[in-house]
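# Residue-level structure breakdown
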Amino acid sequence: MTDTVPDRTVITTALSDQWDTLTRLVGGLDEDGWRTPSALPGWTVFDVLAHVIGTESLLAGEPVPDIEVAGEHIHNEIGALNEKWIRSLRPLSGAQLLAHFHEVTTRRLKQLAELAPGQWAENVPSPVGMTPYGRFMRIRLFDCWMHGLDIADGLGVRIDEGGLRAETAFTELVFGIGRAVVKGGGAQDGARITFEITGPVVRTLHIAVVGSRANPVENLDGPADVVLTLSSGLFARLRGGRTKADAHMGEFTLAGDIELGNRLVRGLTFTI
């Protein structure tokens, strides 16, 4: 797969809707609720929203807080950068944090609306390297969508995991799946793999391994060696490293090469 420039209206509308969704998720929480552990190790519900604020603040041009951070959940420079924003916001109450979230995201939507046409397609640094700014904003949508799942899972509430936001964010979950097939799953040259994702986001992903590379293809040139069937919610959480396959036995099925399938379902993680 190659970087493409997604539709600007689709992405900005989805981002706005996703930020509204996050607001609804946390809007009625008391302080204890804000400090509930999320699905991400080391982060509470408060911290997850603070992370979103931090990233959007950085994109809005604000300087990174100059504080020292440490923790077992910090694995790299990006993790340390994220933690600086979170630590700087922790003295706020939940209500103050939500007000700050509204202010920052409103400012970001204004900035996105004022971008010149060429800026949307301009290559910029991103967590995946140089990529069009429009695709970077789709990555932002994916990040915020995943963090909606993190908050909901931490609070033990169910949310709608389908619709335009999910469909659009899911593109980033699929992007790079070939690397997970080879590096995480150990699929060998000639392997043919199908992921049947049953919904609420429905996808059939065919992956062909040629040499040391695996790429999505429209159709396989023969029967799949293994078919992995699972929901989009489980696929997202496995890809995002939020859970382990062994905690969800019975929620996915394997057909064909079971050994390869077991490696694949346990090697899907890709997020930072």
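Above this text sits the structure in question.
The structure reproduced in this document is the subject of the present report.

### Let's talk about the overall build of the protein
For the protein, the helix and strand inventory stands at eleven helices and seven strands. Taking 272 residues into account, the globule formula puts the C-alpha radius of gyration at 19 Å, and the protein, at 19 Å, falls close to it. Taken over the C-alpha atoms alone, the protein extends approximately 55 × 45 × 35 Å along its principal axes. For the protein, the proportion of its 272 residues judged to be buried stands at 48%. If you take every contact in the protein between residues at least 6 apart in sequence, the share linking residues at least 24 apart comes to 68%. For the protein, the exposed area adds up to about 12,800 Å²; of that, 54% sits on carbon and sulfur atoms.

### Focus on unusual backbone geometry
A cis amide bond, omega 10°, links Gly199 with the succeeding residue Pro200. Mapped onto the secondary structure, Pro200 falls in the loop between strand 3 (192-198) and strand 4 (202-210).

### Digging into the side chain of Glu56
Tracing the chain through its elements places Glu56 in helix 3 (residues 45-59). You can call Glu56 buried: its relative accessible area is 1%. The contact partners of Glu56, leaving out residues within four places of it in the chain, are Trp19, Val104, Arg108 and Arg140.

### Thoughts on the sheet that holds strand 7 (residues 252-256)
Here five strands make up an open sheet; going across it, the order is 5-4-3-6-7 and the pairing mixed. Both outer strands of the open sheet, strand 5 (213-217) and strand 7, are each paired with one neighbouring strand and no more. Each neighbouring strand pair of the sheet contributes to a mean axis angle of 20°, computed without reference to strand direction. Bridge count for strand 4 against strand 5 is five bridges, and the pairing is antiparallel. Paired with His206 across the bridge in strand 5 is Val217. Most of the contacts of helix 10 (residues 232-239) go to strand 6 (residues 226-230), to which it runs at about 105°, and overall it touches strand 3, strand 4, strand 6 and strand 7.

### Section: the nonpolar core
Formed by 71 residues in total, the largest nonpolar core has its most connected members in Trp145, Phe170, Val181, Ile193, Phe195 and Phe235. Looking at which element gives the most residues to this core, the answer is helix 7 (residues 133-155), with twelve residues. Apart from residues lying up to four places away in sequence, Ile193 is in contact with Val181, Ala187, Leu205, His206, Ile207, Val209, Leu220, Val226, Leu260 and Leu264.

### Remarks on the packing of aromatic side chains
Summed over all chains, the structure comprises seven aromatic pairs. Between Phe142 and Phe270 the ring centres are 5.9 Å apart and the planes differ by 35°, which places this aromatic pair in the tilted class. With Phe142 in helix 7 and Phe270 in the segment after helix 11 (258-265), this pair connects stretches of sequence that are 128 residues apart. An aromatic cluster is present here, built from Trp145, Phe170, Phe195 and Phe235 joined pairwise through their rings. Over the face of the ring belonging to Phe46 we find Arg35, whose NZ or CZ atom lies 4.0 Å from the ring centre. Above the plane of the ring of Phe175 lies Arg135, whose end atom (NZ or CZ) is 3.9 Å from the centre.

### Concerning the packing of helix 7 against helix 8 (residues 163-174)
Packed helices, taken two at a time, are described by the angle their axes make and the gap between the axes. The geometry of helix 7 relative to helix 8 is characterised by a closest axis approach of 8 Å and an angle of 110° between their N-to-C directions. If you check the angle between helix 7 and helix 8, you find them roughly perpendicular. For the pair formed by helix 7 and helix 8, the contact residues are Arg135, Arg138, Ile139, Leu141, Phe142 and Trp145 on the first element and Arg165, Ala166, Thr168, Ala169, Phe170, Thr171, Glu172 and Leu173 on the second. Of the residues that constitute the contact of helix 7 with helix 8, the class distribution is eight nonpolar, two polar and four charged.

### Details of the pattern of salt bridges
Across all of its chains, the model carries 19 salt bridges by this definition. The salt bridge partner of Glu161 is Arg237, with a shortest N-O separation of 2.9 Å. Here Arg237 lies in helix 10 and Glu161 lies in the loop between helix 7 and helix 8, a separation of 76 residues in the sequence. Like Glu161, the residue Arg237 is buried in the burial classification. Among the ionic contacts, a cluster of salt bridges with common partners joins Asp47, Glu83, Arg87 and Arg90.

The rules behind each value
Residues numbered from 1 in each chain as written. Predicted model: local features only at pLDDT ≥ 70, side-chain atom pairs only at ≥ 80, totals over all residues. Heavy atoms only, no water. Helix = DSSP H or I, 4+ residues; strand = E, 2+ residues; numbered from the N terminus. Rg over C-alpha atoms; globule rule 2.2 N^0.38 Å. Buried < 20%, exposed > 50% of the residue type's maximum accessible area, 1.4 Å probe, protein only. Contact = heavy atoms within 4.5 Å. Areas by Shrake-Rupley, 256 points an atom, 1.4 Å probe, with all protein chains shown as cover. Pairing = 2+ DSSP bridges. Axes fitted to C-alpha atoms, helices over the stretch in contact; angles between N-to-C directions. Core = buried A, V, L, I, M, F, W, Y, C linked by side-chain atoms within 4.5 Å. Phe/Tyr/Trp six-rings, centres within 6.5 Å; stacked < 30°, edge-to-face > 60°. Lys NZ or Arg CZ within 6 Å of the ring centre and 35° of its normal. Parallel < 35°, antiparallel > 145°, perpendicular 65-115°, else oblique. Nonpolar A, V, L, I, M, F, W, Y, C, P; charged D, E, K, R; others polar. Salt bridge = Lys/Arg side-chain N within 4 Å of Asp/Glu carboxyl O.

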